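Per-entry structural report
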Amino acid sequence: MAYLRKCPSWRRSLAIFFLPLVFSGLGPHSEFRDDTFKVSPARFRWSRLTPSKLKDRSVGLSTEKNAQGQAYFTLEGHKFMIIGGSIHYFRVPREYWKDRLLKLRACGFNTVTTYIPWNLHEQEKGKFYFSEILDLDWLLRYPKPQLRTTHWNFVEAVDKYFDHLIPRILPLQYHHGGPVIAFQVENEYGSFSKDGSYMEYIKEALLKRGIVEFLLTSDNDNGIGTGSVEGALATLNMAAFEKDSFLKLQQMQNDKPIMVMEYWTGWYDTWGDRHKVKSATEIQLTASRFLRSGISFNMYMFHGGTNFGFINGAQNIYQHRGVVTSYDYDAVLTEAGDYTEKYFKLRKLFASASAGSLPRLPPLIPKTLYSFVVLLFYLPFFEILPYLNKPVMLYSPDTMENLPINNGSGQPFGLVLYETSICSGGQLYAHVRDSAQVFLNDTRIGYLDEDTFDLTIPQIQDCQLLRILVENQGRVHFSWNIQYEWKGLDADVSINDTLLRNFTIYSLDLKMSFFKRLLSATWRLAPENYLGPAFYRGTLKAGFSPKDTFLDLSNWHYGFVFINGRNLGRYQDIGPQRTLYLPGPWLQPKDNEIIMFEMIEKGFYIRTTNKPQLQG
């Protein structure tokens, strides 16, 4: 699993393996003719691996090697093959977790993986969030009788939050009667490998806190040497069946089984780029080769979900590009949990390899169309400032992470507004991350970004308010650029080389508490046209039985949509994504408040559709 690419492990993230069902048997096909990875047809059958056989919990997940030199996984002493798929619970409405897990089970997978994003669970020092979409405790204890034997494997942990998280996990370890069968020490650290002692330190940090389960690492072909650590199984991340990579891994640990921790079923999209797709036939054929070769694997992603709110990442190869709101990933299930061609091809493949029958397909989640929404009322951006939290006064500007707010935790997401008084025009110099709009009083005069540092301020007669609204468009999640991801103004600001001082700084994390306060504002009738950032308000009428839908934002430009105070995510007219997923459980019967924070220019209305548009 290329977790580093989606959520960097040294940014406090962790992930899980969950085994919703132990099937009566799953084995490789006999027609495979590759001499290097040839296995016997019965090698990975586990018809005897039933819940009753796993009651003692004395051995757990392990590896063995037979007389012919073939290495394989075992669970409680029985041969075991991991057929996994990734689902990120925080990208899926809590009400749909069971649906997604049942669909994974019905497809023929026996394992599911998911992150635990500690940057969401502890956004403020000492305050922990484990409810609604972050209800990790419910998720860990989800398995009901029909799921029976269940196993979780935690991946990507960082010492900084071990002391908080691991005590919650210890009772759930397999050896303690729980579902946790393994921990991954790190993910793709070999691609970074800045500190030679880091991996050993993290491994020991896990062990000394009471972790007794199987340990792993995960890297691409180039990183397995520097990303592995003694005492943990090295595994691979890849986009295709790469025989040379398997041979390289075998040379490193010839007494251990091969596992592909991440086989990528697609890829994430970034704004301004094309929608990434991968053929269903390619996925099916590669999975078939894994099975016939006796290689355990995990598909990243089985179900991608949505980057709700501000949680999207970014890439910075040639320039900074934010990841779009949809994390559809061209995965086995769509963003909204619908079946795909990949799903049915894999289900057919897994059914042919299983000694037992697969469960019936769960029903689809219904989608619907609603009447279009007219946003009748608006508030110009600067009129919402009294409803934000109290601003910070600083002599010099600072980044959002270093603002003295949130109990010393700074601001993780959103936007920041910097204000200071100027009494002359000239050449403004400011280094922003990631993009900014610059205003004199309420009038927008230009833009800045990571490549644009200069802006000409027109000459003025009286002192005026210089305002710089900076947006965090997502933190880079891979490459050495992760070291330089402070957001906001990350250096002094000057006009004609004279430093500006005495800043008033507003935090715009746009949480639900802000929108509750905003309801008391005096909203005005929106004009037909309006240039500049503003908040717009309307009502979506959902009837008595709300259902899933998609918001078509094609006649708006750039901003965010909030439904009943929940942040659905970012939209942008450069595409490729044109719609935002709106889960039915987040709607209430009858009237629902929609607020749009449009940052460029007013649109007209919002249409709904029952299908996403991800490649506009």
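Keep in mind that this is a model prediction, so the values were computed, not measured.

Moving on to the overall build of the protein. Along the protein, the regular secondary structure elements total 11 helices and 37 strands. Relative to its 616 residues, the protein shows a buried fraction of 61%. If you take every contact in the protein between residues at least 6 apart in sequence, the share linking residues at least 24 apart comes to 78%. Counting every atom, the protein has about 23,900 Å² of accessible surface; 50% of that belongs to carbon and sulfur.

Before going further, it helps to spend a moment on unusual backbone geometry. Residue Met 301 is reached from Tyr 300 by a cis peptide bond, and omega for that bond is 5°. Structurally, Met 301 is set in strand β12 (residues 296-303). We note that Asn 496 has phi near 50°; this positive angle belongs to a residue other than glycine. One can find Asn 496 in the loop between β27 (494-495) and β28 (498-499). The residue Asp 497 is not glycine, and still its phi comes out positive at about 70°. Secondary-structure assignment places Asp 497 in the loop between β27 and β28.

Tracing the backbone through its elements, the reader meets Arg 433 in strand β20 (residues 432-433). Here Arg 433 falls in the buried class, since its relative accessible area comes to 15%. Among all residues touching Arg 433, those that are not within four sequence positions of it are Glu 450, Val 470, Glu 471, Tyr 484, Glu 485, Trp 486, Lys 487, Gly 488 and Asp 490.

Taken in spatial order, the three strands make up an open sheet running β14-β13-β25, and their pairing is mixed. Taken across any chain shown, the strands that pair with only one partner, and hence form the sheet edges, are β14 (320-322) and β25 (475-476). Pairing of strand β13 (residues 313-316) with β14, which is carried by three bridges, proceeds in the antiparallel orientation. Across the sheet, Asn 316 pairs through a bridge with His 320, a residue of β14.

So, on to the pairing of strand β19 (residues 426-429). In the sheet, β19 pairs with strand β23 (residues 454-457) via four bridges, with the strands oriented antiparallel. Each bridged residue has a counterpart across the sheet, and for Gly 426 the counterpart in β23 is Ile 457. As paired elements, β19 and β27 share two bridges and run antiparallel to each other. If you follow Leu 428 over to β27, its bridge partner there is Ile 495.

For the rest of this paragraph, the subject is the nonpolar core. By size, the foremost hydrophobic cluster in this structure holds 135 residues, and its most contacted members are Leu 346, Phe 381, Ile 384, Leu 508, Leu 510, Phe 535 and Met 596. Residues within four places of Ile 384 in sequence aside, it is in contact with Leu 379, Leu 508, Phe 514, Leu 518 and Phe 535. Listed in part, the 26 residues of the second largest apolar core include Leu 428, Leu 448, Val 470 and Phe 503.

The contact between helix α2 (residues 97-107) and helix α10 (residues 341-353) brings their axes to 8 Å, and the two run at 50°. Relative to α10, α2 is oriented oblique. Contacts between α2 and α10 pair Lys 103, Ala 106 and Cys 107 from the former with Tyr 343, Leu 346, Arg 347 and Phe 350 from the latter. Per-class residue counts for the contact of α2 with α10 are five nonpolar, no polar and two charged.

Working note: a packed helix pair is described by the angle between its axes plus the distance between those axes. Running from amino to carboxyl end, helix α9 (residues 280-292) crosses α10 at an angle of 25°, the nearest separation of the two axes being 9 Å. Between α9 and α10, the angle is such that the two are roughly parallel. Crossing handedness for the pair α9 and α10: right-handed. Together, Ala 280, Thr 281, Ile 283, Gln 284, Ala 287, Ser 288 and Leu 291 of α9 and Glu 341, Lys 342, Lys 345, Leu 346, Leu 349, Phe 350 and Ala 353 of α10 make up the contact between the two elements.

Moving on: the sheet that holds strand β36 (residues 591-598). Strand order in the open sheet made by the six strands is β30-β16-β31-β36-β33-β34, with antiparallel pairing throughout. Either end of the sheet is taken by a strand with one partner, and the two such strands are β30 (524-525) and β34 (566-572). Bridging between strand β33 (residues 558-563) and β36 involves five bridges; their strand directions are antiparallel. Of the residues in β36, the one forming a bridge with Ile 563 is Ile 594.

With respect to burial, strand β18 (residues 415-422) is a largely interior element, seven of its eight residues being buried. Of the pairings in the sheet, the one linking β18 to strand β24 (residues 464-471) comprises eight bridges and is antiparallel in character. Among the inter-strand pairings, Ser 421 is bridged to a residue of β24, identified as Leu 465. Pairing of β18 with strand β29 (residues 503-508) involves five bridges; the strand directions are antiparallel. Looking across to β29, one finds that Leu 415 is bridged to Leu 508.

Taken together, the side chains of Phe 372, Val 374, Leu 376, Phe 377, Leu 525, Phe 604 and Tyr 605 present a nonpolar region at the surface, about 690 Å² in accessible area. Residue placement: Tyr 605 occurs in strand β37 (residues 605-609). For Tyr 605, a relative accessible area of 32% corresponds to the partly exposed category.

With respect to the element layout, Phe 350 can be found in helix α10. Assessed through its relative accessible area of 1%, Phe 350 is described here as buried. The spatial distance from the C-alpha of Phe 350 to the C-alpha of Ile 83 is 9.4 Å, given a sequence separation of 267 residues.

Conventions we followed
- Residues numbered from 1 in each chain as written.
- Predicted model: local features only at pLDDT ≥ 70, side-chain atom pairs only at ≥ 80, totals over all residues.
- Heavy atoms only, no water.
- Helix = DSSP H or I, 4+ residues; strand = E, 2+ residues; numbered from the N terminus.
- Buried < 20%, exposed > 50% of the residue type's maximum accessible area, 1.4 Å probe, protein only.
- Contact = heavy atoms within 4.5 Å.
- Areas by Shrake-Rupley, 256 points an atom, 1.4 Å probe, with all protein chains shown as cover.
- Pairing = 2+ DSSP bridges.
- Core = buried A, V, L, I, M, F, W, Y, C linked by side-chain atoms within 4.5 Å.
- Axes fitted to C-alpha atoms, helices over the stretch in contact; angles between N-to-C directions.
- Parallel < 35°, antiparallel > 145°, perpendicular 65-115°, else oblique.
- Nonpolar A, V, L, I, M, F, W, Y, C, P; charged D, E, K, R; others polar.
- Left-handed = near helix turned anticlockwise from the far one by under 90°.
- Patch = residues over 30% accessible without salt bridge, like charges linked within 9 Å, V, L, I, M, F, W, Y side chains within 5 Å.
- Salt bridge = Lys/Arg side-chain N within 4 Å of Asp/Glu carboxyl O.

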